[in-house]
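# Remarks on the overall topology
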2 protein chains.
Amino acid sequence: MTFKVTILGSSSAKPSVRKHHSAHTLNAYEQFYLIDCGEGTQRRLMECGISPMKINAIFISHLHGDHVFGLFPLISTLGLQGRKLPLDIYAPHPMGEILEAHYRWYDTKLPFEVRYHEVDTRSHTLIYENKVMEVWTVPLRHRTPCCGYLFREKEAGLNVRKEAIEEYGLGVAQITAAKRGEDITIDGRTIPNASLTYKPFTPRSYAYLSDTNYSGKAVSIVKGVDLLYHEATFAAEEKSLAKDTGHSTTHQAAKAAIESGATKLLIGHFSSRYKDDTLLLNEARELFPETYLAEEGTTFEIPVKKIVL
Amino acid sequence: MTFKVTILGSSSAKPSVRKHHSAHTLNAYEQFYLIDCGEGTQRRLMECGISPMKINAIFISHLHGDHVFGLFPLISTLGLQGRKLPLDIYAPHPMGEILEAHYRWYDTKLPFEVRYHEVDTRSHTLIYENKVMEVWTVPLRHRTPCCGYLFREKEAGLNVRKEAIEEYGLGVAQITAAKRGEDITIDGRTIPNASLTYKPFTPRSYAYLSDTNYSGKAVSIVKGVDLLYHEATFAAEEKSLAKDTGHSTTHQAAKAAIESGATKLLIGHFSSRYKDDTLLLNEARELFPETYLAEEGTTFEIPVKKIVL
């Protein structure tokens, strides 16, 4: 039941030797999701010990190069490595056209299917789900159509309490019914489902919000998130520059964490003008102490949130 | 009068943590030429202490991703860094279309001019020159239109020998005429130009031949080259695989060096199947001892070739 995020790249648009362009991976139940894919992401995956072949879906926030230039190189390599499994790519328009053009220009015949899903960056929609996970878009406010992504574990099914099984002498059919949420009637007495069952854990969640101005709407969507990545391109004093460029300050990222009730905040995408990341970290911590740097190579794990009875 | 080549990337198509995709730079007289531009080239430049802003022209051999995916990321960064100087890009068709599409998709407004020059990969043509250098295309044999590039210092102008000036008591007008290649007449006696003048140096040259099958035509074009980079994707025993994939073996690279009369051979673009580069190096050295690995981060300098009188 792994649920952990690894930071592959964290720089803003101007790259440096110290940092790579934006990319995160989420490992949820040993399924790997890639979020944004700046130049060199395939190499960053390898450097972080994650085989690029393991990626099962890619989510692109917006079509600025520092978030997407690593996508086609990664796809090409997966082709060379003989991938067979389909690859789902979620990205704004016109990624479909971009992919088609690349196949044509570079004479690329992939041995696997790329399933492109165009995302509507203006709506909050469930775009992906499997047995254990769902992924939602989160509209953001940037200079170009842009959305964040909210990854949420699905609600757990009901478990039946051992004590209730013993107390009421429940049989298999009754246990199955209780798991479906039904009340149980024993000797004419109805036992309400709530006193028979419990949820073994609370869903974990991780939100990736980049690039964006502070957005109250985004904050309301990610309410109660465990791990919030929010870009903080600028220091607190650069509010006006942040506004004009479609970015956020450290204090705005912290505000998003406070107002969403996030447990932990990660900040990154710092402008290259800042040489010392800890100054930005300290600014955010003034408002939200549980802030951490989205430092490259670092993994943030969210343990299973067991419900204590 | 610097003339040196720095290897930025040397891997073949499948990348690894150990190597980057193809890219070389030539520093000739403090003008920087970039040859091929695999993913991550802008970062490799920085890591090798070469500011990407210094690149004045880029030469792309062919449109396979491992030779070109770093181009647009590099161009974007130059834009962000406020480059003003025009940038010349030489590449096969349809690079013009690729560039235009990227500007459109990524909403890119560059503060400098990109001057795209389509190269005809089938012809041996002078495509670039300035006061001291010329660059020629070298047709290659690959699976897709592909050419190498031959960088040659221009022929030096004539210098007049000090001894001749003294012996014949030459004046300024006579020295100028001799530098133009004229014979000089003194007291009715004609002194042939050859006995008055000399060339201060022999032009230096560097050829980049990748990706290609062994090509007798390419070899004849680069005759007498000082530094020959020739791909050697496969070990000597894989002749048939090399032929089928449009690549060369170590022995074929060595043969190209021998037959062109190269002074020094660099080999690279090794298939990822080979874990130990020295085995490939040793194979090439069996035939051509002056072979070296195109090892990333290494610089090969060609000193001025002064003509000893």
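Preceding this section is the structure that the text describes.
Reading the values: the criteria
Numbers given for residues are sequential positions, taken from 1 along each chain in its written order. Ligands are numbered from 1 and chains lettered from A, in the order in which they are written. Per-residue local features of the predicted model are confined to residues with pLDDT of at least 70, and side-chain atom pairs are confined, for both listing and counting, to 80 or more; whole-chain, interface and lining totals are unaffected and use all residues. Excluding hydrogens and water, the side-chain values take into account all heavy atoms of the structure. The least-squares superposition of copies is restricted to C-alpha atoms, and to residues with a pLDDT of at least 70 in both copies. When DSSP finds at least two bridges between two strands, those strands are taken to pair. Each helix is a run of H or I in the DSSP string that is no shorter than four residues. Each strand is a run of E no shorter than two, and both are numbered from the N terminus. What counts as an axis is a line fitted to C-alpha atoms, over the stretch in contact for a helix, and the angles between N-to-C directions run from 0 to 180 degrees. In what follows, a contact means two residues having at least one pair of non-hydrogen atoms within 4.5 Å. Accessible-area loss on putting two parts together, using a 1.4 Å probe and summing over both, is the definition of buried area adopted here. Salt bridge, as applied in this entry: a Lys or Arg side-chain nitrogen positioned within 4 Å of an Asp or Glu carboxyl oxygen. We call two N or O atoms a polar contact when they sit within 3.5 Å, provided that within protein one can donate a hydrogen and the other can accept it, with sequence-adjacent residues counted only if both atoms are side-chain atoms. Any residue outside Ala, Val, Leu, Ile, Met, Phe, Trp, Tyr, Cys, Pro, Asp, Glu, Lys and Arg is labelled polar, Gly included; the first ten of those are nonpolar and the last four are charged. Pairing of aromatic side chains requires ring centres within 6.5 Å, counting the rings of Phe and Tyr and the six-membered ring of Trp. Pairs whose planes differ by under 30 degrees are stacked, by over 60 edge-to-face, and all others tilted. A 1.4 Å probe rolled over the protein chains alone gives each residue an accessible area, and that area as a share of the maximum for its type sets the label: buried under 20%, exposed over 50%, partly exposed in between. In this description, the arc belongs to the directions extending from the helix axis to the C-beta atoms. For classification purposes, angles smaller than 35 degrees are called roughly parallel, those larger than 145 roughly antiparallel, those between 65 and 115 roughly perpendicular, and all remaining angles oblique. Left-handed describes a crossing whose near helix is turned anticlockwise from the far helix through less than a right angle; right-handed describes the clockwise counterpart.

## Structural notes on the relation of the copies chain B and chain A
Taken as rigid bodies, chain B and chain A are interconverted by a rotation of 180 degrees and an axial shift of 0.0 Å, the fit giving an RMSD of 0.1 Å. Expressed as a symmetry operation, the mapping of one chain copy onto the other fits a two-fold axis. Rotation axis and chain B: the residue whose C-alpha lies nearest the axis is Gly-40 of chain B, separated from it by 2.9 Å.

## Quick notes on the sheet that holds strand 18 (residues 291-293) of chain A
All names here are of chain A. Here seven strands make up an open sheet; going across it, the order is 7-8-9-15-16-17-18 and the pairing mixed. In this open sheet, the two strands that pair with only one neighbour each are strand 7 (126-129) and strand 18. Averaged over all neighbouring strand pairs, the angle between strand axes comes to 20 degrees, with direction disregarded. Alignment of strand 16 (residues 227-231) against strand 17 (residues 264-268), held across five bridges, turns out to be parallel. Along strand 17, the bridge assignment pairs Leu-228 with Leu-265. With respect to the sheet, helix 9 (residues 250-260) is in contact with strand 16 and strand 17, its orientation differing from that of strand 16 by roughly 150 degrees. Sitting on the sheet, helix 10 (residues 277-287) is in contact with strand 17 and strand 18, with an inclination near 165 degrees to strand 18.

## Here's the deal with the interface of chain B and chain A
Often, the extent of an interface is quoted as the loss of accessible area upon association of its parts. Counting residues at the interface gives 36 residues for chain B and 36 residues for chain A. Roughly 3,000 Å² is buried in total at the junction of chain B and chain A, and carbon and sulfur atoms are behind 64% of that figure. Per-residue buried area on chain B facing chain A is highest for Phe-69, Trp-105 and Tyr-106 of chain B; these three make up 25% of the total on that side. Linking chain B with chain A are two salt bridges. With its nearest N and O atoms 3.1 Å apart, the salt bridge here joins Glu-97 of chain B to Arg-104 of chain A. Where chain B meets chain A, there are 16 residue pairs in polar contact (both at pLDDT 80 or more). Residue composition of the side of chain B that touches chain A, grouped by class: 15 nonpolar, 13 polar and eight charged.

## Looking at the packing of aromatic side chains
Residues and elements named next belong to chain A. Scanning all chains against the criterion turns up 31 aromatic pairs over all chains. When the ring of Tyr-33 is compared with that of Tyr-128, the centres are 5.6 Å apart and the planes differ by 85 degrees; the resulting orientation is edge-to-face. Highlighted residues: Tyr-33 in strand 3 (residues 31-35) and Tyr-128 in strand 7, separated in sequence by 95 residues. No difference in accessibility class separates Tyr-33 from Tyr-128, as the two residues are buried.

## Re helix 5 (residues 172-179) of chain B
All names here are of chain B. Among all positions in helix 5, only Ile-175, Ala-177 and Ala-178 are buried. For helix 5, the angular spread of buried residues about the axis comes to 160 degrees, placing them on one side. With respect to the buried face of helix 5, the exposed residues turned more than 90 degrees away are Val-172 and Ala-173. Residues of helix 5 that are buried sit in contact with strand 10 (159-160), helix 4 (162-168), strand 11 (184-186) and strand 13 (197-198).

## Structural notes on the sheet that holds strand 19 (residues 299-301) of chain B
Residues and elements named next belong to chain B. Ordered by their spatial adjacency, seven strands build an open sheet running 6-5-4-3-2-1-19, and the pairing between neighbours is mixed. Each edge of the open sheet carries a strand with a single partner, namely strand 6 (114-118) and strand 19. Strand-to-strand, the axes of this sheet are offset by a mean angle of 20 degrees, without reference to chain direction. Pairing between strand 2 (residues 23-28) and strand 3 (residues 31-35): five bridges, direction antiparallel. The residue bridging Ala-28 from the neighbouring strand is Gln-31, located in strand 3.

## Section: the packing of helix 8 (residues 250-260) of chain B against helix 9 (residues 277-287) of chain B
All names here are of chain B. The geometry of helix 8 relative to helix 9 is characterised by a closest axis approach of 8 Å and an angle of 40 degrees between their N-to-C directions. As judged from the angle between their axes, helix 8 and helix 9 are oblique. In this structure, helix 8 meets helix 9 at a crossing whose hand is right-handed. For the pair helix 8 and helix 9, the contacting residues are Thr-250, His-251, Ala-254 and Ile-258 in the first and Leu-280, Glu-283, Ala-284, Glu-286 and Leu-287 in the second. Looking at side-chain class alone, the contact of helix 8 with helix 9 contains five nonpolar, two polar and two charged residues.

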